[in-house]
Amino acid sequence: MAMRGRPLKPAGQAGGGSGGDGADGGGGAGDLRSRVGWLLRVNRLYGAEERWTRAATFAAAFAGGAHPGAVSTSKISRWENGLVAVPRQAVRRYEELLTLETGSLLSTVDVITRYMAAAPAAVEPGRGGSGRGRSDRGGAAQRGEELLERLDSTDTVTGQVWDEATAWITSEPGLRLRRREWDSICHRLLVETVAADGEAWKPRFESFLRLLNHPGSREAAIATCADWAASPGSQVYIETISMLDASAHPDAARHVVAQLNAPTNGDAFVGALLACVRKLRDHHFSPAQREKVTEAVLDILADPSRTQDPVYPLATAALALLPPDATRRLSGRLRLPGSVPAGFPGARPPAGRPADGRPHSLVAARSTALLPRENPGFEDLLLPVLIGELLDAPVSDDRLYAAFLIRATPYRASVADALVWELGRQRPAQAVAWTVRLLEALRVVGTPVERPAVEALAARPGLPIAVPTAAVQALGHMGGASRPELWRGLVARHTTAATAGGSEGSRDLLHHAVYSLAIRRHTEELRRIAAVHPLAPVRSAARWWLDLPAHMYVSAGQ
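The rules behind the values
- Residues numbered from 1 in each chain as written.
- Predicted model: local features only at pLDDT ≥ 70, side-chain atom pairs only at ≥ 80, totals over all residues.
- Heavy atoms only, no water.
- Helix = DSSP H or I, 4+ residues; strand = E, 2+ residues; numbered from the N terminus.
- Buried < 20%, exposed > 50% of the residue type's maximum accessible area, 1.4 Å probe, protein only.
- Contact = heavy atoms within 4.5 Å.
- Areas by Shrake-Rupley, 256 points an atom, 1.4 Å probe, with all protein chains shown as cover.
- Arc of directions from axis to C-beta.
- Expected span 1.5 Å × (residues − 1).
- pLDDT = per-residue confidence, 0-100.
- Polar contact = N/O pair within 3.5 Å; in protein donor to acceptor, adjacent residues only side chain to side chain.
- Core = buried A, V, L, I, M, F, W, Y, C linked by side-chain atoms within 4.5 Å.
- Phe/Tyr/Trp six-rings, centres within 6.5 Å; stacked < 30°, edge-to-face > 60°.
- Lys NZ or Arg CZ within 6 Å of the ring centre and 35° of its normal.

(A) Structural detail: the overall build of the protein chain. Broken down by element type, the protein chain carries 28 helices and two strands. Within the protein chain, the proportion of its 558 residues that are buried is 54%. Long-range contacts, defined here as pairs at least 24 residues apart, represent 72% of the contacts in the protein chain between residues at least 6 apart. Summed over all atoms, the accessible surface of the protein chain reaches about 22100 Å², with 53% contributed by carbon and sulfur.

Below you can see the structure in the form of structure tokens.
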């Protein structure tokens, strides 16, 4: 689905809001605890049951389920304002009281915490994926053995089982398995992570990162990612190589630099550069490796023809983390007057990016207006910040994790509606970059209600190829499902353009269509493409997905 990486910079005042409901502002808006507190608070204030809007009523009902202990109204306030870390059991109790899907909040907290790894803890560590306290060691060991046997079988494994199993593995740093066993577990989990989406993806992604950092499994996990990225026949590269940014092991740095200098393909290069941003921040590279990264970054930024290349913002972000000498070297290599990396003083915004924040403000205002109820005592100062990151952050991971936070709240439906409203105000043939950015946001935030608008852009003839490509990518992940006729029409039109007209853009779109069909489990359409499509690379892509082990592909949807 996508990656992780860098701590977000504070971008506002007061954690989750201000005033009313017993709340005080807590920390900058970019602070991890503030974001976790905001996640809990807006789910309580705007959830299905209006009675929970009173913090005192919520606190009175809190004891029970995953959190047996009683809490006070002031404790709820401190959690929701990011003043103290929240116990994992408490996050689970929010899910229970608010009747949310099990793990929906905690899995979001896990991936956000991992993403902002340099920030203070937002959730108190607790043993086990369930967030419950330590059980007797004999019972825990027996359960752990049962879970390991299941992972190394052809049984169906859900995301929650992966969460529980890898939480137990993490709690046992001395756990030793044979390398074959680690290889088998890591391979299965990576396959399922690549083939999963949404709520099934988050616990698997977090689970794999746990294996990347466990003393017993980390070498096998790193090798699994590296082998996948080095295979020319694989279909997902960015995620598998960029995952290595979460590991400080020297092998991880070595494989990232190898893909940066001699990438398997363009996607592997993007994944390696994305990993470099976090690895530079966390000082994972040796001096010699950092010099190789510097040269790759300067090669991108010194080439004026690449300013609209998707890797350009990543190179800019990496440059900001390199020693000052790198910027001086770049200045010496730039040959055109006024050629300054985007984001630096004097640089122009990327093409299609709004010159001011007004569209973000309009989207935020419309999102708030569409909420199911008003809460006059709560001024949400973080939502506009998150929408700004969602739509305008130069690094894709910043946009992705802002989307994850919004997706896990009652704001999801109203933000998705506002994004489609903003899409309707655009002329997509002219505002290409902005339209693509809106579609990218809908990929994570979009619901079935917005799907027809995205389908229309995917099918509309005459648009610059970037627009239907972004729409096809969004259709693979947003809520709802498209009719087989839509997919067949898209594949037929772009097959003609790719074969008769030689359009490279249509060839790329076809590969994205195959990916989206696989993620949406349209296996009949994949079989049709694998059997009769005139382009061999497209047939091979469909066949690759169909050849994934059935028990892993089925499990990845759960």
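(B) Structural detail: helix α27 (residues 536-546). When we look at burial in α27, the residues that qualify are V538, A541, A542, W544 and W545. Buried residues of α27, viewed axially, fall in a sector of 155 degrees; they line one side. Taken together, the buried residues of α27 touch α8 (179-195), α10 (218-230), α25 (504-519) and α26 (523-532).

(C) Quick look at the environment of V236. For V236, the location among the structural elements is in the loop between α10 and α11 (238-242). Once residues within four sequence positions are removed from consideration, V236 is found in contact with V194, W228, Y515 and W545.

(D) View of helix α7 (residues 159-170). Compared with the 16 Å implied by 1.5 Å per residue over twelve residues, the 16 Å span of α7 between its first and last C-alpha is a close match. Counting buried positions along α7 gives nine out of twelve residues, so the element sits mostly inside the fold. Those residues of α7 lying buried are G159, V161, W162, D163, A165, T166, A167, W168 and I169.

(E) Examining the confidence of the model for the protein chain more closely. Residues at a pLDDT of 70 or more form 86% of the protein chain, whose mean pLDDT is 87. Taken together, the stretch residues 1-30 has pLDDT below 50 and engages in 119 contacts with residues farther than four places along the chain or on a different chain.

(F) Quick peek at the environment of H255. Tracing the backbone through its elements, the reader meets H255 in helix α12 (residues 250-261). Sequence separation between H255 and A223 is 32 residues, and the spatial gap between their C-alpha atoms is 8.8 Å.

(G) Layout of the side chain of E95. By secondary structure assignment, the location of E95 is in helix α4 (residues 88-97). We classify E95 as buried; its relative accessible area is 2%. A polar contact is formed between the side chain of E95 and the backbone nitrogen of S104, at a distance of 3.3 Å. With residues near it in sequence (within four places) discarded, E95 still touches L100, E101, T102, G103, S104, L105 and L106.

(H) Quick peek at the nonpolar core. Core analysis: the largest hydrophobic core is formed by 169 residues, its most contacted members being Y411 and W545. Among the elements that line this core, the one with the most residues is helix α13 (residues 266-281), at nine residues. Once residues lying within four places of it in the same chain are set aside, the contact partners of W545 are V194, A195, Q235, V236, V514, Y515, A518, I519 and L526.

(I) Just the packing of aromatic side chains, in detail. In the structure shown here, the tally under the stated rule is 15 aromatic pairs. Relative to F62, the ring of F58 has its centre 5.6 Å away and its plane inclined at 65 degrees; by these criteria the two rings are edge-to-face. Taking the relative accessible area as the measure of exposure, F58 reaches 0% and is therefore buried. You can call F62 buried: its relative accessible area is 0%. Cluster of aromatic residues (ring-pair linked, three or more members): W52, F58, F62, W79 and Y94. Over the ring of Y553 we find R521, and its NZ or CZ is 4.2 Å from the ring centre.

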